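So you can see what is in the structure, the chains are spelled out below.
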Amino acid sequence: MFPAVKHEVTEMSVFETNIRFVGGLLSIYALTGDPLFRDRALHVARKLLPAFSTPTGIPYALINVGTGVSKNYAWASGGASILSEFGTLHLEFSYLSDITGDPVFKEKVTHVRDFIRKLDKPNGLYPNYLNPKTGKWGQSHSSMGALGDSFFEYLVKEWVQSDYTDTVARDMYLEAMKGVTSRMLQKSRGGLTYLAESKFDRLEHKMDHLACFTAGMFALGSHTIPSADPNHMTIAKELGHTCHESYARTSTGLGPESFRFSDGMEAKALKASEKYYILRPEVLEGWFYLWRYTKDQKYRDWAWDMVQSLERHCRVEGGFTGIQNVYLENSHKDDVQQSFLFAETLKYLYLIFSDDSLISLDEWVFNTEAHPIPVKNRNAFYRAAPAAVVADFSSRPRSVHHITPSSPSPLRVDFSKHHYSQRALFSWTLLPQYKPTAAGRANFSINKGEKVQTPSQSAVQKMNNFEQGVPFSRSHSLLPLSARRESIPRVSSKYPKSHHRLNPFQFSAPRYSQSPRISQAAPTIIRVPQSVVLSSPIRGRQLNVTISSTRVSGSVFSLPPYGQSRGRFLWDRFSPKVSQQSLDPTGHFVWKFDSI
């Protein structure tokens, strides 16, 4: 569980939280298979969803994770959203939907991408600012560095991560690069290729250190998109060379935050505010891709030179620090060790000197914080959730289904794609704090042939003539009647049963937060949507388990004490293979706990 935080101090960047926390947790889940990290990523990502509640669906930049209140930076073109922020969510949110089965995350970022795809692009360029209320671009400023950079990076990486099926991302990338190469790509008098910034239809001949990632982006696009411009690989090499020159022309061997080009100066910083180095990775990132694709030894040589410069000028007793002026041999240090030093800079350095099979670019893509995300269909670590979560017990004339709310639940079933026997008895679960909002109508057989018809969008579900003591629900889409979901619903019946729903993807309400008060004589039926880890008050107890929906009985499992390795349900039969690392049932089973 995450510790409690004070609402007034929990304002966080949606972009930074996504690329660092969500992206990092997703990488750990892919590499380890431990659902703890998937669930934590899901928990954090859900905290970000209120930021998308704008008239256009373009998210705000900042969110109070305690209250859900969102806003934009006041300085950003009159409160606009920033291209590099709202455009750098797709990789993580799309992958999160795939591994949890919850489509809401992919739906959010797909809408964002579709929205901006339809907008006019001034001079073929994407401006850095977009008003989330009006859907109109802000001030005319386009950049491949700060405020714009990772949006373009994610387009080509979405194409790769989808196993080359996301043609929308591919086409948007190619179209964007046409504008960039025709308008912003420049050549200095000394022959250095660089990417200028466009401001109010005029070029500012300045390139950010952040923009040096484009050497890797052009190389990746050239290698993975057959229809890419043949010159893109040449552009990648030239940009990698220019960024190296920005390092080589300093006294420290480290590059400035940005560098300029004019008649009398090339690849050097002009202003004092541009001369610092804060352990940034973008130059190394470009060299990493160029090494992987060309095997030109100079990229390893340049990387080794940087290692020595880091050791000489940034190494201190407690780690590494940035420096204030790369043109001074003994520059003042800023006494800050940035987190991306470990996430990106040192990682790319290590990978440049590693074998290509370590985080192969055929099987992984890096998010913009260098957290590796597996490529769909090409990487066994992708760990996608089952396409449909349905329990169908044909051994008895009964089929048990548990449909949770469309937002934020990951467990939804499209009934139009499934056909059920009319002879089967269907049980549904509708939690009392929800109402259905499904459009359209459909008939389902309930309890010995009775028909329950789904309501229109404005109607409320009527639950008539259903078997007492059996959880009942129907919803294609559900919305909460109340924002509070803290009570555990109980269903009264003629039998001494108490019904509880454990949702592994929601860390607050439905899980036991205190020792359950359950009569020793009354068995408890608990619905388990997917792999579940019980919270601390139940850990260490041994429970006798009966699967009431099948003929299996007598299963026993024990949960370890809190803080140790997490317990797993053990299955007798009618289940997938179980390992200590993961449990991914293909359906929802009802467990009967005879004693606690």
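The structure under discussion appears in the preceding block.
Values in this document were obtained by computation on a predicted structure and should not be read as measured data. (Residues numbered from 1 in each chain as written. Predicted model: local features only at pLDDT ≥ 70, side-chain atom pairs only at ≥ 80, totals over all residues. Heavy atoms only, no water.)

### Some remarks on the overall build of the protein
Moving on, step 1. If you tally the helices and strands in the protein, you get 12 helices and 28 strands.
Moving on, step 2. Buried positions account for 56% of the 596 residues belonging to the protein.
Moving on, step 3. The long-range fraction of contacts in the protein, counting pairs at least 24 apart against all pairs at least 6 apart in sequence, stands at 64%. (Helix = DSSP H or I, 4+ residues; strand = E, 2+ residues; numbered from the N terminus. Buried < 20%, exposed > 50% of the residue type's maximum accessible area, 1.4 Å probe, protein only. Contact = heavy atoms within 4.5 Å.)

### Some thoughts on the side chain of E282
Moving on, step 1. With respect to the helices and strands, E282 occurs in helix α10 (residues 282-294).
Moving on, step 2. Buried charged residue E282 carries no salt bridge. Nearest counter-charge: R280, at 4.3 Å.
Moving on, step 3. Here H209 takes part through its side chain, which lies 3.0 Å from a polar atom of the side chain of E282.
Moving on, step 4. Excluding residues within four positions of it along the chain, E282 makes contact with H209, L210, C212 and F213. (Lys, Arg positive; Asp, Glu negative; His and termini not counted. Salt bridge = Lys/Arg side-chain N within 4 Å of Asp/Glu carboxyl O. Polar contact = N/O pair within 3.5 Å; in protein donor to acceptor, adjacent residues only side chain to side chain.)

### What about the nonpolar core?
Moving on, step 1. Core analysis: the biggest nonpolar cluster contains 112 residues, and M144 and Y277 have the highest contact counts within it.
Moving on, step 2. Looking at this core, the element that brings in the most residues is helix α1 (residues 14-32), giving 8 residues.
Moving on, step 3. Filtering out sequence-adjacent residues up to four positions away, M144 remains in contact with D149, F152, M177, V180, M184, L195, A211, F213, T214 and M217.
Moving on, step 4. Within the second largest apolar cluster, 5 residues are counted, among which are A76, A80, I82 and L147. (Core = buried A, V, L, I, M, F, W, Y, C linked by side-chain atoms within 4.5 Å.)

### Describing the environment of Q161
Moving on, step 1. Secondary-structure assignment places Q161 in helix α6 (residues 149-161).
Moving on, step 2. For the pair Q161 and N379, spaced 218 residues apart in sequence, the C-alpha to C-alpha distance is 10.0 Å.
Moving on, step 3. Sequence-distant contacts of Q161, that is, excluding residues within four places in its chain, are made with L91, Y95, V365, I373, P374, V375, K376 and Y382.
Moving on, step 4. Among the polar contacts made by the side chain of Q161, one reaches the side chain of Y382 at a distance of 3.4 Å.

### Re the packing of aromatic side chains
Moving on, step 1. Scanning all chains against the criterion turns up 21 aromatic pairs.
Moving on, step 2. Considering the side-chain rings of F288 and Y289, the 5.2 Å spacing of their centres and the 70° angle between planes classify their relative orientation as edge-to-face.
Moving on, step 3. Judged by relative accessible area, which is 3%, Y289 ranks as buried.
Moving on, step 4. Residue placement shows K295 over the ring face of W291; its charged tip is 5.4 Å from the ring centre. (Phe/Tyr/Trp six-rings, centres within 6.5 Å; stacked < 30°, edge-to-face > 60°. Lys NZ or Arg CZ within 6 Å of the ring centre and 35° of its normal.)

### Examining the packing of α6 against helix α8 (residues 214-224)
Moving on, step 1. Running from N to C, α6 and α8 point in directions that differ by 30°, and their axes come no closer than 10 Å. When the interaxial angle is binned, α6 and α8 end up roughly parallel. Handedness of the α6/α8 crossing: left-handed. Here F152, E153, V156, K157, W159 and V160 of α6 lie close against α8, whose contacting residues are M217, L220, G221 and T224.
Moving on, step 2. Each residue belonging to the contact of α6 with α8 can be placed in one class, and the counts come to 6 nonpolar, 2 polar and 2 charged. (Axes fitted to C-alpha atoms, helices over the stretch in contact; angles between N-to-C directions. Parallel < 35°, antiparallel > 145°, perpendicular 65-115°, else oblique. Left-handed = near helix turned anticlockwise from the far one by under 90°. Nonpolar A, V, L, I, M, F, W, Y, C, P; charged D, E, K, R; others polar.)

### A look at the sheet that holds strand β2 (residues 62-64)
Paired through their backbone hydrogen bonds, the strands of a sheet run either parallel or antiparallel.
Moving on, step 1. Read from one edge of the open sheet, 3 strands run β1-β2-β3, paired in antiparallel fashion. Only two strands of the sheet have a single neighbouring strand rather than two, namely β1 (11-13) and β3 (70-71).
Moving on, step 2. Relative to β3, β2 runs antiparallel, the two sharing 2 bridges. Among the inter-strand pairings, I63 is bridged to a residue of β3, identified as S70.
Moving on, step 3. Where α1 meets the sheet, its contacts fall on β1 and β2, and the angle it forms with β1 comes to roughly 65°. (Pairing = 2+ DSSP bridges.)

### Focus: α6
Moving on, step 1. Compared with an ideal rise of 1.5 Å per residue, which puts 13 residues at 18 Å, α6 spans 19 Å between its outermost C-alpha atoms and is within 8% of the ideal.
Moving on, step 2. For α6, a buried count of 13 out of 13 residues is recorded, marking the element as mostly surrounded by other parts of the structure.
Moving on, step 3. The first or second residue beyond α6 is D163, which carries a positive phi of 65°. (Expected span 1.5 Å × (residues − 1).)

### So, the environment of L270
Moving on, step 1. On the secondary structure map, L270 appears in the loop between β13 (266-268) and α10.
Moving on, step 2. Taking the C-alpha atoms as reference, L270 lies 6.9 Å from R260; in sequence the two are 10 residues apart.
Moving on, step 3. Here L270 is in contact with R260, M265 and K275, once residues within four sequence places are set aside.

### Overview of the pattern of salt bridges
Close approach of charged atoms allows side chains with opposite charge to pair.
Moving on, step 1. On inspection of all chains with the given rule, the structure shows 26 salt bridges.
Moving on, step 2. R260 is the salt-bridge partner of E204, the closest N and O atoms lying 3.2 Å from each other. On the criterion of sequence distance, the pair formed by E204 in strand β10 (residues 202-204) and R260 in strand β12 (residues 258-261) is long-range, its members being 56 residues apart.
Moving on, step 3. E245 serves as the salt-bridge partner of R249, at 2.9 Å between the closest nitrogen and oxygen.
Moving on, step 4. The exposure class assigned to R249 is partly exposed, which follows from its relative accessible area of 33%.
Moving on, step 5. One continuous salt-bridge network, built from bridges that share partners, spans K199, E204, R260 and E274.

### Regarding the state of the cysteines
Moving on, step 1. By the definition in use, this model includes 1 disulfide.
Moving on, step 2. Residue C212 pairs covalently with C243 via a disulfide, S to S 2.0 Å. An S-S torsion of about -100° defines the bridge between C212 and C243 as left-handed. Here C212, found in the loop between β11 (206-208) and α8, pairs with C243, found in helix α9 (residues 232-248); they are 31 residues apart in sequence, far enough to count as distant. (Disulfide = S-S within 2.5 Å.)

### Thoughts on unusual backbone geometry
Moving on, step 1. Phi is positive for L147, which is not a glycine, with a value near 85°.
Moving on, step 2. Within the secondary structure, L147 sits in the loop between β6 (141-142) and α6.
Moving on, step 3. Relative accessible area serves as the criterion here: at 19%, L147 is assigned to the buried category.
Moving on, step 4. A positive phi angle, near 60°, is found at K295, a position not held by glycine.
Moving on, step 5. Looking at where K295 falls in the secondary structure, it is placed in the loop between α10 and α11 (297-313).
Moving on, step 6. Residue classification places K295 among the partly exposed residues on the basis of a relative accessible area of 38%.

### Some words on the sheet that holds β12
Moving on, step 1. The antiparallel open sheet is built from 3 strands, whose spatial order is β11-β12-β13. Looking at strand neighbours, the two that pair on one side only are β11 and β13, the edges of this open sheet. Strand-to-strand twist in this sheet, taken as the mean axis angle between neighbours without regard to direction, amounts to 25°.
Moving on, step 2. The strands touched by α9 are β11, β12 and β13; relative to β12, the strand with the most contacts, the crossing angle is about 105°.

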